[in-house]
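Now for the letters of each chain:
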2 protein chains.
Amino acid sequence: MKEDNKIINTRAADNLSNLKMDRRSMLKGTAALGLVLVEDSLGRVTQVARQTLPTPITNATKIQGAPPGILGTRSVFEKPVKLPSFTSARTPLQDLYGTITPADLHFERDHAGVPFIDPSKHDLLIHGMVEKPMSFTLEDIKRFPVFTRICFIECSGNFRTGKTTLTPQEICGLTSQSEWTGVMLSTLFREVGIKSKASWFIAEGGDAALMTRSIPLNKAFDDAMIVYAQNGEAIRPEQGYPLRLLLPGWEGNTQIKWLKRIELTDQPYMTREETSKYTEPIAGGKIRQFSFVMDARSIITFPSYPLQISRGWVEIRGIAWSGRGRIRRVEVSVDAGRSWQEASLQEPILRKAHTAFRYLWHWNGRATLIMSRAIDETGYRQPSYRELVKARGSKGGYHFNPITVWEINGNGEVFLVNDR
Amino acid sequence: MKEDNKIINTRAADNLSNLKMDRRSMLKGTAALGLVLVEDSLGRVTQVARQTLPTPITNATKIQGAPPGILGTRSVFEKPVKLPSFTSARTPLQDLYGTITPADLHFERDHAGVPFIDPSKHDLLIHGMVEKPMSFTLEDIKRFPVFTRICFIECSGNFRTGKTTLTPQEICGLTSQSEWTGVMLSTLFREVGIKSKASWFIAEGGDAALMTRSIPLNKAFDDAMIVYAQNGEAIRPEQGYPLRLLLPGWEGNTQIKWLKRIELTDQPYMTREETSKYTEPIAGGKIRQFSFVMDARSIITFPSYPLQISRGWVEIRGIAWSGRGRIRRVEVSVDAGRSWQEASLQEPILRKAHTAFRYLWHWNGRATLIMSRAIDETGYRQPSYRELVKARGSKGGYHFNPITVWEINGNGEVFLVNDR
């Protein structure tokens, strides 16, 4: 390939057309690597995909590697995927590292599928109890002062139990974290001028469910945002392209995706999604409604089902988060809850964000139960399943954030423990 | 689709096989959306891709949307791409938001292409002036205490000039930012035991270039890491899969990708990449060598070539970073450098990380030059092109970090200014 290198360099190679002129040479050199160079209708290389090779490479230091491309790829040896159902898809928490969720692995939840939206035809209307109703295009929204923050989103129904053979993805996979970029909702509200009698706003999405929630106005002047970017690029269709309401720390369904209308009001509108759904009966004949904030929670993602550990040093790892602010402390028990030790937290510790924790444990080979619990900056402590059931008067339901308990048996196999 | 919903739900739909059983119904509902459900050899749905529709959708609220999938996708209206040459590919800085670079848009630089590496056959050997030479598998590395940090990587040759029609991607696109996860190098060095006479280590990659650099030992006990994850998942082949040396703030070539060997030594080994390359002559007949740290730099990414702005409010935006620590301040001039104002920085401000800045400007419609300069926590101030040429005694070269100057003409068109 050295002669090809020289030829391309003297043609001032920093553009795609030169790559095209030497495509035959490039293909020759790269065919052995199982590269697929996908051409678009103009004959330009649009994608480089690496496939499993027909014959294994034993020494990569002896083979010219693949050239740079217009988009990177995952290794063929890495296949993280979501677990989809008809209306949701769960993030593979146990296969991830750090705290950022890759955008294509962010959990999904919809009520009538993901709409196909042309951004050039999408407006955000803000009207109702305002001085001046206004309609904003995406370009309008992007002109306002820009803000960025890393925070989690969690579905209020993010709890599953019932079997001992559940992964973190299956138990708790309706939560993910991104770096979000957009405009503060308060900026737009100041633009239209909120009338003094307004105390709520309804937010409506442009999907076939016309997903709509009523939000107390003070959240708009706290940390609510209208976001258009996720992990550095345009928000994904599954997460609300081209615009989403971001309400840091609040239940996912309130953070309306495919946002197209906001109406300022003096009362909640009691939409389907806050009456028939996302409410639940509690002891005493009352109903929990407008339970916005996600309570502090944690889960050990390693070791977890279906892994098997060996006797000796094991670093227990997981994530913790709270809709009320920062995680203050995570405690880990390796003796079935009899005693608790403080885990280390990965800094910087951000408000309303997944926080990685770790605890170095020396397993003696004897069966035990391990678990973690989160304490947030308000002092709230994540409850056990039994404590939660007693407090709620029901098993399961929305905002169900009990401690996840893992059993390690004598063989080092890990299983979920239910109802503890 | 309501009847289909009911059938799937009563079959406890949270798994792919149920999706398959109702695939015909799902395909019928989704065919109108131009979905492509790609099957693997076992007949399972492996990919959901959204294509341009043959007939435009005018009202997405009237059409059932796409179901959740195992991987998300970009909108068809968003096509961010890198700009590849034969040995590098540049990040589209002007098309991004916030500070995280999507993993498939992270810049690339290689010296013999991207190697194809089977992680199960990849070892990291640490030997030389150590008490106990050891070879670590990827699984071994992952057992050590885990750390995560967000930081930038920049190529030392990240500067381009010569035309007025260059984008930020073309001028400065060999820098990107990720959340990196791995183990502290000091932990592995304590594992093998470093002999007291050692003062350097050489790091060698498993690519066909056998890319090798000599690194002073004190960096290993500062913040050096061996990383295996990027933005929450396995590091990408283009960035060094399965293991990379991370030296926060140092020039990109020292952060050896596809890392397979570290040798502890008492002197630099004067490899090709630190003698023939990555060095340069300076005034007085000397050579700049081992210029590790990337100096503070900033660039306005909006407005930039080839955009056009209108009279009125414009929020000037960009990123700033320093290999020495935090950005202390970014200053913006909108009057050709005669005066400077302080820009706002997006918090939290991290060490050795791209930091977003913004400055609200009211353009009066008259031609001018705009520019930004970074000042880091050491007090170092980003120089102008002329200051840098005078100090270095040469135009261009490695670690060339001058202020980027944009011209706004009377029509609001933006062009790059060279040699200022």
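Source: prediction; values computed, not measured.

In terms of helices and strands, chain A carries 8 helices and 26 strands. With 420 residues in all, chain A has 61% of them scored as buried. A total of about 16,700 Å² of accessible surface is found on chain A, and carbon and sulfur atoms cover 50% of it.

Moving on, we come to helix α6 (residues 185–192) of chain A. With 6 of 8 residues buried, α6 of chain A is to be regarded as a mostly interior element. Within α6 of chain A, burial applies to Leu-185, Ser-186, Thr-187, Leu-188, Phe-189 and Val-192 of chain A.

The next thing to look at is the pattern of salt bridges. All names here are of chain A. Using the criterion set out here, one finds 48 salt bridges over all chains in the structure. Measuring nitrogen to oxygen at the nearest pair gives 2.9 Å for the salt bridge that ties Glu-233 to Arg-236. Since its relative accessible area comes to 4%, Glu-233 is described here as buried. Its relative accessible area of 8% is what places Arg-236 among the buried residues.

On to unusual backbone geometry, then. Residue and element names in this part refer to chain A. Residue Tyr-241 is joined to Pro-242 through a cis peptide bond whose omega torsion reads 5 degrees. Looking at the secondary structure, you find Pro-242 in the loop between β13 (233–234) and β14 (244–246). Cis geometry marks the peptide bond from Tyr-305 to Pro-306, where omega comes out at 10 degrees. Within the element layout of this structure, Pro-306 appears in the loop between β18 (297–302) and β19 (312–321). Positive phi is not limited to glycine here, since Phe-290 has a value of about 55 degrees. When you line up the elements, Phe-290 lands in the loop between β17 (286–288) and β18.

Let's shift gears to the UniProt feature "domain: Oxidoreductase molybdopterin-binding" (unreviewed entry) in chain A. Per the UniProt record, the feature "domain: Oxidoreductase molybdopterin-binding" (unreviewed entry) sits at residues 111–270 of chain A. Secondary structure over residues 111–270 of chain A splits into 14% helix and 36% strand, and the C-alpha atoms at its two ends are 17 Å apart.

A word on the sheet that holds strand β22 (residues 344–345) of chain B. Residue and element names in this part refer to chain B. What the 4 strands build is an open sheet, ordered β18-β19-β23-β22; its pairing is antiparallel. Taken across any chain shown, the strands that pair with only one partner, and hence form the sheet edges, are β18 (297–302) and β22. Examined bridge by bridge, strand β19 (residues 312–321) and strand β23 (residues 355–363) share 9 bridges and lie antiparallel to one another. Bridge pairing links Arg-317 to Arg-358 in β23.

Next up on the list: the nonpolar core. Core analysis: the biggest nonpolar cluster contains 39 residues, and Phe-201, Ile-226, Ile-262 and Leu-264 of chain A have the highest contact counts within it. Elements with a minimum of two residues in this core: β6 (123–128), β7 (134–137), α4 (138–143), α6, β10 (200–205), α7 (217–220), β12 (225–230) and β15 (259–265) of chain A. Tallying contributions element by element places α6 of chain A first for this core, with 4 residues. Grouped together as the second largest cluster of nonpolar side chains are 38 residues, Leu-124, Val-130, Leu-188 and Trp-200 of chain B included.

Our next topic: the packing of aromatic side chains. Tallied over the entire structure, the rule returns 28 aromatic pairs over all chains. Relative to Phe-400 of chain B, the ring of Phe-159 of chain B lies with its centre 4.9 Å away and its plane at 55 degrees, an arrangement referred to as tilted. Of this pair, Phe-159 of chain B sits in the loop between β8 (147–154) and α5 (168–172) while Phe-400 of chain B sits in the loop between α8 (385–392) and β25 (405–408), placing them 241 residues apart in sequence. Each member of the pair Phe-159 of chain B and Phe-400 of chain B is classed as buried. Ring plane angle 75 degrees and centroid distance 5.8 Å describe the contact between Tyr-385 of chain B and Phe-400 of chain B, whose orientation is recorded as edge-to-face. Highlighted residues: Tyr-385 of chain B in helix α8 and Phe-400 of chain B in the loop between α8 and β25, separated in sequence by 15 residues. Of the two residues examined, Tyr-385 of chain B and Phe-400 of chain B, each falls in the buried class. Here the aromatic cluster, defined as three or more aromatic residues joined through ring pairs, consists of Trp-200, Trp-250, Phe-290 and Phe-292 of chain A. Positioned above the aromatic ring of Trp-340 of chain A is the side chain of Arg-373 of chain A, whose terminal nitrogen or guanidinium carbon lies 3.9 Å from the ring centre.

Further remarks concern the relation of the copies chain A and chain B. Overlaying chain A with chain B gives an RMSD of 0.0 Å, the required rotation being 180 degrees about an axis along which the chain moves by 0.0 Å. Taken together, the rotation and translation relating the two chain copies correspond to the operation of a two-fold axis. Interface overlap between copies: 100% of the residues of chain A at the interface are likewise at the interface in chain B, consistent with a symmetric, same-surface contact.

Bringing the pairing of β25 of chain B into the picture now. Residues and elements named next belong to chain B. Pairing geometry for strand β24 (residues 368–376) and β25, over 4 bridges, is antiparallel. Note that in β25 the partner of Met-371 across the bridge is Val-405. Between the end of β25 and the start of strand β26 (residues 414–417), which pair antiparallel, lie 5 residues, with Gly-412 showing a positive phi angle near 85 degrees.

Attention now moves to the UniProt feature "domain: Moybdenum cofactor oxidoreductase dimerisation" (unreviewed entry) in chain A. UniProt marks residues 292–389 of chain A with the feature "domain: Moybdenum cofactor oxidoreductase dimerisation" (unreviewed entry), using the numbering shown here. Summarising residues 292–389 of chain A: 5% helix, 46% strand, and an end-to-end C-alpha distance of 19 Å.

Listed by partner, the interface residues are 93 residues for chain A and 93 residues for chain B. Counting each side, the surface lost to burial between chain A and chain B is near 8,100 Å², with a carbon and sulfur contribution of 59%. Per-residue buried area on chain A facing chain B is highest for Phe-86, Tyr-97 and Phe-116 of chain A; these three make up 12% of the total on that side. Across the pair Arg-74 of chain B and Glu-233 of chain A runs a salt bridge whose closest N-O atoms are separated by 2.5 Å. Here chain A is connected to chain B by 38 residue pairs in polar contact (both at pLDDT 80 or more). Residue classes in the side of chain A that touches chain B are distributed as 47 nonpolar, 23 polar and 23 charged.

Residues and elements named next belong to chain B. Counting buried residues along strand β20 (residues 327–333), 5 of its 7 residues qualify, which places the element largely inside the surrounding structure. Note that β20 and β24 share 6 bridges and pair antiparallel. Within the sheet, the bridge partner assigned to Val-330 lies in β24 and is Ala-374. As paired elements, β20 and strand β21 (residues 341–342) share 2 bridges and run antiparallel to each other. Along β21, the bridge assignment pairs Glu-331 with Glu-342.

Quick look at the sheet that holds strand β10 (residues 200–205) of chain B now. Each strand in a sheet pairs with its neighbour through backbone hydrogen bonds, running either in the same direction (parallel) or in the opposite one (antiparallel). All names here are of chain B. Judged by pairing direction, the sheet is mixed, and its 5 strands sit side by side in the order β7-β6-β15-β10-β11 without closing on themselves. What marks the edges here is a single partner per strand, and that holds for β7 (134–137) and β11 (212–216). Strand-to-strand twist across the sheet, computed as the mean angle between neighbouring axes with direction ignored, equals 20 degrees.

This next bit is on the environment of Ser-75 of chain B. One can find Ser-75 of chain B in the loop between β2 (45–50) and β3 (83–84). Sequence-wise, Ser-75 of chain B and Ser-196 of chain B are 121 residues apart; in three dimensions their C-alpha atoms are separated by 56 Å. Excluding anything up to four places from it in sequence, Ser-75 of chain B contacts Pro-237 and Tyr-241 of chain A. One polar contact links the side chain of Ser-75 of chain B to the main-chain amide nitrogen of Phe-77 of chain B, over a distance of 3.0 Å.

What follows concerns the environment of Arg-324 of chain B. Residues and elements named next belong to chain B. Residue position: Arg-324 is located in the loop between β19 and β20. Sequence separation between Arg-324 and Lys-197 is 127 residues, and the spatial gap between their C-alpha atoms is 27 Å. Not counting the four nearest positions on each side in its chain, Arg-324 is found in contact with Val-293, Met-294, Asp-295, Arg-351, Lys-352, Asp-376, Glu-377, Thr-378 and Tyr-380.

Thresholds applied
- Counting starts from 1 at the beginning of each chain's written sequence and moves along it residue by residue.
- Each chain gets a letter, beginning with A, and each ligand a number, beginning with 1, in the order they are written.
- In keeping with the predicted nature of the model, local features appear solely for residues at pLDDT of at least 70, side-chain atom pairs appear and are counted solely at 80 or more, and the whole-chain, interface and lining totals rest on all residues.
- Remark: hydrogens and water are excluded; side-chain values derive from all non-hydrogen atoms of the structure.
- Segments assigned H or I by DSSP are reported as helices when at least four residues long, segments assigned E as strands when at least two residues long, and all are numbered from the N terminus.
- Here the term buried applies to any residue with accessible area under 20% of the maximum for its type, exposed to any over 50%, and partly exposed to those in between, with areas from a 1.4 Å probe on protein chains only.
- In short, Shrake-Rupley with a 1.4 Å probe defines the accessible areas, and a residue's cover is counted only from the protein chains shown.
- Criterion for a salt bridge: a side-chain nitrogen of Lys or Arg within 4 Å of a carboxyl oxygen of Asp or Glu.
- UniProt positions are given in the numbering used here, feature names are shortened, and annotations may be inferred rather than shown by experiment.
- At least two DSSP bridges between two strands are needed for those strands to be called paired.
- In these notes, a set of buried Ala, Val, Leu, Ile, Met, Phe, Trp, Tyr and Cys residues joined through side-chain atoms within 4.5 Å is what counts as a nonpolar core.
- Within 6.5 Å between ring centres, the rings of Phe, Tyr and Trp (the latter by its six-membered ring) count as paired, and their orientation is classed by plane angle as stacked under 30 degrees, edge-to-face over 60, tilted in between.
- Working rule: Lys NZ or Arg CZ, within 6 Å of ring centre, within 35 degrees of ring normal, means a charge sits over the ring.
- Here the copies were fitted onto each other by least squares, based on C-alpha atoms from residues at pLDDT of at least 70 in both.
- Throughout, a contact is declared for two residues whenever any of their heavy atoms are within 4.5 Å.
- In short, buried area is how much 1.4 Å probe accessible area vanishes from two parts on joining, totalled over both.
- Pairs of N or O atoms within 3.5 Å make up the polar contacts considered here, provided that, within protein, one atom can donate a hydrogen while the other can accept it, and that residues adjacent in sequence are counted only when both atoms are side-chain atoms.
- Three categories are distinguished: nonpolar for Ala, Val, Leu, Ile, Met, Phe, Trp, Tyr, Cys and Pro, charged for Asp, Glu, Lys and Arg, and polar for the others, with Gly belonging to the last.
- Note on geometry: axes are lines fitted to C-alpha atoms, helical ones only across the stretch in contact, with angles between N-to-C directions running from 0 to 180 degrees.

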